[in-house]
Amino acid sequence: MNRTAALDAVVFGVDIQSGDVRGDAPSYALVVFDGDELERDVVSRRKLRRRIESEAPAIVATDNMYELAADKDRLVHFLGSLPDETKLVQVTGDERPEPLSRVAKRHGVPYGKEPMQEAEAAARLAAANVGQEVSAFTDTTEVKVSRGRSTGKGGWSEDRYTRRIHGAVKSQAREVESELDAAGLEYERDVTEKYGGFSNAVFRVKARPGDIPVSTHRSGDTRIEIERVRRDGIEFRPLAKRRDHVVVGVDPGTTTAVAIVGLDGEVLDVYSSRTSDQAAVIEWIIERGRPVVVAADVQPMPETVEKFRRSFDAAGWAPERDLPVDEKKHRTRHEGYDNDHERDAMAAALYAFDHHESQFERVAEKVPPRHEVGPVVARVVAGEESVESVLRDIEGEDEPDEEAASHQPRELTADEKEIKRLEARIDRLEDHVEELKGTIRRKDEQLEEKDKQLEKARQEGRREVRKDREVTRLERRNDALEREVEAEKEKREALSEKLERLKELWKLDHSNFADVSEHEEGLVPVKVVEQFTRDAIDEADEQFGLAAGDIVMFRDASGAGRSTAQRLAEVEPRLVLRNETLSDAADEVLFDHEIPVAPAEMVPVQEVDELAIAREEAVEEAVDDWRDRAEERRQEQKAEMVDQIISEHRADRPVSGE
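Conventions used here
Residues numbered from 1 in each chain as written. Predicted model: local features only at pLDDT ≥ 70, side-chain atom pairs only at ≥ 80, totals over all residues. Heavy atoms only, no water. Helix = DSSP H or I, 4+ residues; strand = E, 2+ residues; numbered from the N terminus. Contact = heavy atoms within 4.5 Å. Core = buried A, V, L, I, M, F, W, Y, C linked by side-chain atoms within 4.5 Å. Buried < 20%, exposed > 50% of the residue type's maximum accessible area, 1.4 Å probe, protein only. Expected span 1.5 Å × (residues − 1). Salt bridge = Lys/Arg side-chain N within 4 Å of Asp/Glu carboxyl O. Pairing = 2+ DSSP bridges. Axes fitted to C-alpha atoms, helices over the stretch in contact; angles between N-to-C directions.

Here we take up the overall build of the chain. Each helix and strand counted, the chain has 17 helices and 22 strands in total. Looking at the chain alone, contacts between residues at least 24 apart form 62% of all its contacts between residues at least 6 apart.

Formed by 31 residues in total, the largest nonpolar core has its most connected members in Val247, Val261, Val293, Val363, Val376 and Val381. Elements supplying a minimum of two residues to this core: β12 (256-262), β14 (290-295), β15 (315-317), α9 (340-366), α10 (373-381) and α11 (387-395). Looking at this core, the element that brings in the most residues is α9, giving 11 residues. Discounting residues that sit within four places of it in the chain, Val381 has contacts with Val292, Val293, Ala315, His356, Gln359 and Phe360. With 27 residues, the next largest nonpolar core counts Phe12, Tyr28, Leu48 and Val60 among its residues.

Taking 1.5 Å per residue as the helical rise, helix α17 (residues 616-652) with its 37 residues ought to reach 54 Å, and the 53 Å between its terminal C-alpha atoms agrees with that figure. Residues of α17 that are buried: Glu616, Ala618, Val619, Ala622, Val623, Trp626 and Ala630. In this fold, the buried residues of α17 make contact with β16 (523-525), β18 (551-556), β19 (575-578), α16 (584-592), β20 (597-599) and β22 (611-615).

For the bond running from Gln299 to Pro300, omega is 0°, close enough to zero to count as cis. Along the chain, Pro300 turns up in the loop between β14 and α7 (303-312). At Ala56, a residue that is not glycine, the phi angle is positive and equals roughly 45°. Classification of Ala56 by relative accessible area gives partly exposed; the value is 22%. With phi around 55°, Glu594 is a residue other than glycine that occupies positive phi space. If you trace the backbone, Glu594 turns up in the loop between α16 and β20. The exposed category is assigned to Glu594, whose relative accessible area is 57%.

Below, the discussion takes up the pattern of salt bridges. Taken as a whole, this structure holds 45 salt bridges when the rule is applied. In this structure, Arg164 engages Asp221 in a salt bridge whose closest nitrogen and oxygen atoms are separated by 3.0 Å. One end of the pair, Arg164, is in helix α5 (residues 158-182); the other, Asp221, is in the loop between β9 (217-219) and β10 (222-238), with 57 residues separating them in the sequence. Between Arg462 and Glu455 there is a salt bridge; the shortest N-O distance is 3.2 Å. The class for Arg462 is partly exposed, based on a relative accessible area of 41%. In the salt-bridge network here, residues are joined through shared partners; they are Asp297, Lys328, Asp340, Arg343 and Asp344.

The sheet built from 5 strands is open, its strands ordered β13-β12-β11-β14-β15 with mixed pairing. Pairing within the sheet leaves two strands with one partner each, and these edge strands are β13 (267-273) and β15. Adjacent strand axes in the sheet meet at a mean angle of 25° when their direction is disregarded. Here β12 runs beside β13; their pairing, made up of 6 bridges, is antiparallel. Residue pairing for β13: Val261 is matched across the bridge by Val267. Relative to β12, helix α6 (residues 278-286) is tilted by about 15°, and along the sheet it contacts β11 (245-251), β12, β13 and β14. In the packing of α10 onto the sheet, contacts are made with β11, β14 and β15, and the angle to β14 comes to roughly 40°.

Take helix α15 (residues 562-571) next. Three or more residues of α15 are buried, namely Thr564, Ala565, Arg567, Leu568, Ala569 and Val571. Structurally, α15 contributes buried residues whose contacts are with α14 (534-543), β18, β19 and α16. At the C-terminal side of α15, Glu572 shows a positive phi close to 60°.

Moving on, we get to the environment of Val292. Looking at where Val292 falls in the secondary structure, it is placed in strand β14. Classification of Val292 by relative accessible area gives buried; the value is 0%. Distance from Val292 to Val381, taken between C-alpha atoms, is 7.1 Å for residues 89 residues apart in sequence. Sequence-distant contacts of Val292, that is, excluding residues within four places in its chain, are made with His245, Val246, Leu263, Ala314, Ala315, Val377, Ala378, Val381 and Ala382.

What follows concerns the sheet that holds β18. Sheet architecture is open: 4 strands sit in the order β17-β18-β19-β20, paired in parallel fashion. Across the chains shown, the open sheet's two edge strands, defined by having one partner strand only, are β17 (527-531) and β20. Across the sheet, the mean angle separating the axes of adjacent strands is 25° when strand polarity is ignored. Strand contacts of α17: β18, β19 and β20, with the helix running at about 115° to β20, the strand carrying the most contacts.

And the structure:
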């Protein structure tokens, strides 16, 4: 792969000097590579982090990213702590890294096994754009504007305090939005509206933190937090811009069309123009890949297409006969194109891929994982070489060095041959071990990702269950409240009707009461209760209210007990009128509380609907009568008590003569 020129920037090469990254105090061999200048030092992990933060190198290069962090979570934390302009580069590859010695040899970089030598090799390789950038974050940054303090009670009322904070968040969010607009940045905004403004506003900006004209800070009622959006896992991106090997279809003419298809059969791009010359078309192709095959849709291949083929030293392909329009439409039916020229170029590339597909697959199966398939395919297809010879050439096995060419090598002894064979076997086994370690790390990361996904799915499931339960609970609560509302409406309507009846009743001429005085001043209301039971008393209290000084009449007083009488005594009525006989227990409770009780016939009561009235004079006579009877009852009780005391005294006095 051709690479761009070496970086004109500072590169840190890092390798473990002593200790273990999982321990507390590992030391690192650090090589600072700045053009042709080298600085070597042995530093602690803390000092390495301080130098990275203060000097902000373009690249921190290593042969194994897990020499800087013990596990994936700590690696993500390390990546998040790097300055915005600093990249972490693993020079030995991506998930399946190669040995550093092999990479250094392939790129002509000095290599030694000492940590400082390995750190230097890593720095030089990264400076030459060799390696993969390790990334855990996207190029999207989240800017969050939120409350800077709790919305509890402030110096004045809580509502005003909360409204002020939410208003400040909204104002700060508008300022951030204005700055993002002024910088011409693309973003998505999501706000949570609360009383008086916003409780928070989140901006997802398509830019790195260093490109955003807003900084993290906290000021009074608001705060701003800036955080890059994490990827689902660790991603590797080559430092050098790759130009993968591709199949190119060309349809020449007044309008020139070109289509690019990858070695996996995927259409990568399509282009057509009436004005572009051959040089412009070639430049467009070069930007998108390295042609392995250049194809046409007619037989023989047009001269213009042949010129493109020769320009790239690629293999050519043309159909045995001109491709029919219906076949080209069918082959490109799943792809998008703007005109017939693009369709024809695309069909040529796809049919060429179909012709070579099995060959591509056979080559890919023979190429070891440590080598790229594209360069081998190009030499096999275009150069008509065998896979084996290409691999030997790539690995340098068929290129004797100058020292070997300068003299005739001596014959090796049997022991030397055995040693050489064993050393070669050890090298192969070490390579295999490295590959297996990379596989294990990759599998561990995959298992970790799966565990996180599983836990996330479980949490989501639990959230859904809780949500369903909450929805069901709220629905039941809503139904209950609706029923309560209906009941209250019915009760209100009933009370409204009762009020209207009462108003009409008081407007009646008192001539309806034949034996009652014409003047209202001599009348008192009577509250009628159906039975002398606790439920009936509670119902009457709820319906029209029972209060001290009321005159209460029971239509049926026979069911009263001690607790029911106690309930009535708590009301402290002026007079209790009874129909039927009152129980001894109830009578005793009312007597003890000095509540007058009289037969209903002693006080004439007149009723119209639910209204009952009696004459004040009759009520007073009934109360006076009860007082007289109560006084007699108390005298009788006293007499009985005296008799009992005398009897007990006589019983306790000793008999004479004993």
